[in-house]
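Now for the letters of each chain:
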Amino acid sequence: MAIEAELKAVVRDPETLLQLLEDQYGVGRAEVYRDTYYDAPDGSLMEEDRELRIRTVHGPDDTRTVLTYKGARVDASGSKPEAETRVEDADAAHEIVRGLGYVPRIAFEKRCRNYRFREDGRDLLATLVRVPEIDGTFIELETIAAAESDLAPALAVVRSVLTRLGIAEGDLTTEQYTDAVAAARP
């Protein structure tokens, strides 16, 4: 399974970063993600650092739904093996996952602006993220590593781009949105 080589950081100056992204990569695509994370009734998926998610993405001219499975983190960056596929019918996908015995654990919304580009021969996705239930703006920058042996070079490209965008090593975080949203709720 391919590995999503990703780093996430807290953005200290969102307006400046937005301008840098727009100047370097063009106008970003504004999208709203509605994520539902599922777990086994005993909580074993999340306990084992694995994820089962259905995401519906609302863009300016389309809506799509994606089913994602992420394995446990493979290194300190938080990068995870990932399998993802588009599904035709969001309601049916939710019914299938529930029918297999999984239960919804947490659902929340992410407001995103996405930038796709190539760097050092790799396709990258930079996403500015705001989650209404938690404070702050974040940037996620990811590419795909074909195998664990490709992870370090992939993350080196990601780190290089983040540095160029003014993101400091101290701004990186491995906290997951699921944990932050759960902590923010009563």
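The structure we're discussing is the one just above.
Residues numbered from 1 in each chain as written. Predicted model: local features only at pLDDT ≥ 70, side-chain atom pairs only at ≥ 80, totals over all residues. Heavy atoms only, no water.

> For this particular structure, what's the right way to read the nonpolar core?
Grouped burial of nonpolar side chains is what soluble globular proteins tend to show. Within the largest apolar cluster, 25 residues are counted, with the highest numbers of intra-cluster contacts made by L17, L21, F117, I139, L141 and L162. Broken down by secondary-structure element, the contributors of at least two residues to this core are β1 (3-11), α1 (14-25), β6 (103-119), β7 (122-130), β8 (137-145) and α4 (151-164). In terms of residue count, α4 provides more of this core than any other element does, seven residues in total. Residues contacting L162, with those up to four places away along its chain left out, are L7, I139, L141, I167 and L172. (Core = buried A, V, L, I, M, F, W, Y, C linked by side-chain atoms within 4.5 Å. Buried < 20%, exposed > 50% of the residue type's maximum accessible area, 1.4 Å probe, protein only. Helix = DSSP H or I, 4+ residues; strand = E, 2+ residues; numbered from the N terminus. Contact = heavy atoms within 4.5 Å.)

> What is the right way to read the environment of G101 from this model?
Take G101: it is sitting in the loop between α3 (90-99) and β6. It is 31 Å that separates the C-alpha atoms of G101 and S77, two residues lying 24 residues apart in sequence.

> Any chance you could explain α1 here in plain terms?
In an α-helix, one full turn covers 3.6 residues, which means residues spaced three or four apart are oriented alike. With twelve residues, α1 should cover 16 Å at 1.5 Å per step; its first-to-last C-alpha distance of 16 Å lies within 8% of that length. What α1 keeps buried is the set P14, L17, L21 and Y25. Seen end-on, α1 carries its buried residues on one side only, within an arc spanning 65°. Opposite its buried face, α1 presents the exposed residues E15 and D23, each directed more than 90 degrees away. Turning to α1, the residues buried within the fold contact β1, β6, β7, β8 and α4. Following α1 by one or two positions, G26 adopts a phi angle in the positive range, close to 90°. (Expected span 1.5 Å × (residues − 1). Arc of directions from axis to C-beta.)

> What exactly am I supposed to notice about the packing of aromatic side chains here?
The description of an aromatic ring pair uses the distance of the two centres, along with the angle that the planes make with each other. Applying the stated rule across the entire model yields three aromatic pairs. Pairing F138 with Y177 gives two aromatic rings, centres 5.6 Å apart and planes at 85°, and the pair type is edge-to-face. With F138 in strand β8 and Y177 in helix α5 (residues 177-184), the pair connects residues that are 39 residues apart, well separated along the chain. By relative accessible area, Y177 is classed as buried at 8%. For K8, the ring lying beneath its charged end belongs to F138, and the centroid distance is 5.5 Å. (Phe/Tyr/Trp six-rings, centres within 6.5 Å; stacked < 30°, edge-to-face > 60°. Lys NZ or Arg CZ within 6 Å of the ring centre and 35° of its normal.)

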